[in-house]
Amino acid sequence: MDLQNRENFLNKLANRMGRPRQTVPAPMPELVNNHPTTRLTDRNQEQLCNEFIEFSRIMMADVIVAKENDVPQAMLDICEKYGGGNIIINQDNRLETLGIIPVLQAKYDSYLWNSEQAELNIEKAEQANIGVVYGEYGLTESGGVVLFSDKAFGRSVSLLPEKSVVVLRKSNILPRVAQLAKILHEKAQKGERMPSCINIISGPSATADIELIKVVGVHGPVNKIYLVIDDL
């Protein structure tokens, strides 16, 4: 539709509605409160972490807290608890630095996500018992974790295996999604490359569509495990 046709169409539409065309947006109504940006912001970081863990467990996530030096052993304990077997891991330098990738490769049949092996990645993720990823942020209000995707961080690693482990730092736990939006906005303003996909995941996959009966593991991992690094 060219500009003239669009104008004619909008003028006719306004005429049929019995009012003049509005060419200036109506002002935003005054907000009743500022909860979207202030809720939970009165907590200190330790309080945020405690509430995040509480909400996560309500959402049926298994939460394990470990000091940074104990993370490799904590990861082995998690894998042992949830059956070991085939494991797929995002090719994330942060997982390497923490010692998670080496320790899993030494004990289990582990596959590292390879951006040049698209079909093989999906096949390995489908076959894996456990997927291991690094979470960017935690959201206290929902007990959710934020995952960024790019060529090295495949979404399938957290979605296709039966069990999904997310490694997360206490220092990266935010009050709610408003603070995440602010961080992303600031990144965009600086011209930083944005993730190809942003996933916010709260606990294992579940649905209550049928008679409000909650069923877990319908369209994703049956178990969600958060390995929270105590770095405060």
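Report follows, based on the coordinates. Note that the structure is predicted; figures quoted are calculated from it, not measured.

A word on empty space enclosed by the protein
- Scanning the model with the defined rule gives one cavity of 30 Å³ or more in all.
- Estimates place the volume of the largest cavity at around 80 Å³.
- Every element with two or more residues in the lining of the largest cavity is listed here: strand S4 (130-134) and strand S6 (144-149).
- Counting residues per element, the lining of the largest cavity draws most heavily on S6, at three residues.
- Here the lining of the largest cavity is built from residues that sort into five nonpolar, five polar and two charged.

A short note on the pairing of strand S12 (residues 223-230)
- Most of S12 sits out of view: seven of its eight residues are buried.
- Strand direction decides the pairing type here: strand S1 (residues 62-67) and S12, joined by six bridges, are parallel. Bridge pairing in S12 links Asp62 to Ile225.
- Here strand S7 (residues 163-169) runs beside S12; their pairing, made up of seven bridges, is parallel.

Some thoughts on the sheet that holds S12
- Spatially, S1-S12-S7-S4-S2-S3 is the arrangement adopted by the six strands of the open sheet, whose pairing is parallel. Only two strands of the sheet have a single neighbouring strand rather than two, namely S1 and strand S3 (110-112). The sheet shows a mean angle of 20° between the axes of neighbouring strands, taken without regard to direction.
- Along the sheet, helix H3 (residues 45-58) makes contact with S1, S7 and S12, crossing S1 at roughly 150°.
- Strand contacts of helix H6 (residues 100-107): strand S2 (87-89), S3, S4 and S7, with the helix running at about 140° to S3, the strand carrying the most contacts.

A short note on the nonpolar core
- By size, the foremost hydrophobic cluster in this structure holds 25 residues, and its most contacted members are Met75, Ile100, Leu104, Val132 and Val167.
- Among the elements of the structure, helix H4 (71-81), S2, H6, S4, S7 and S12 are those that each provide at least two residues to this core.
- Here this core takes six residues from H4, the largest share from any one element.
- The contacts of Leu104, once residues within four sequence positions are left out, are Met75, Leu76, Cys79, Ile87, Ile89, Ser110 and Val132.

The rules behind the values
Residues numbered from 1 in each chain as written. Predicted model: local features only at pLDDT ≥ 70, side-chain atom pairs only at ≥ 80, totals over all residues. Heavy atoms only, no water. 1 Å grid on protein atoms, 1.4 Å probe; cavity = no way out; pocket = protein on both sides within 12 Å on 5 of 7 lines; lining within 4 Å. Points joined across faces, edges and corners; volume = space filled by probe spheres on them. Helix = DSSP H or I, 4+ residues; strand = E, 2+ residues; numbered from the N terminus. Nonpolar A, V, L, I, M, F, W, Y, C, P; charged D, E, K, R; others polar. Buried < 20%, exposed > 50% of the residue type's maximum accessible area, 1.4 Å probe, protein only. Pairing = 2+ DSSP bridges. Axes fitted to C-alpha atoms, helices over the stretch in contact; angles between N-to-C directions. Contact = heavy atoms within 4.5 Å. Core = buried A, V, L, I, M, F, W, Y, C linked by side-chain atoms within 4.5 Å.

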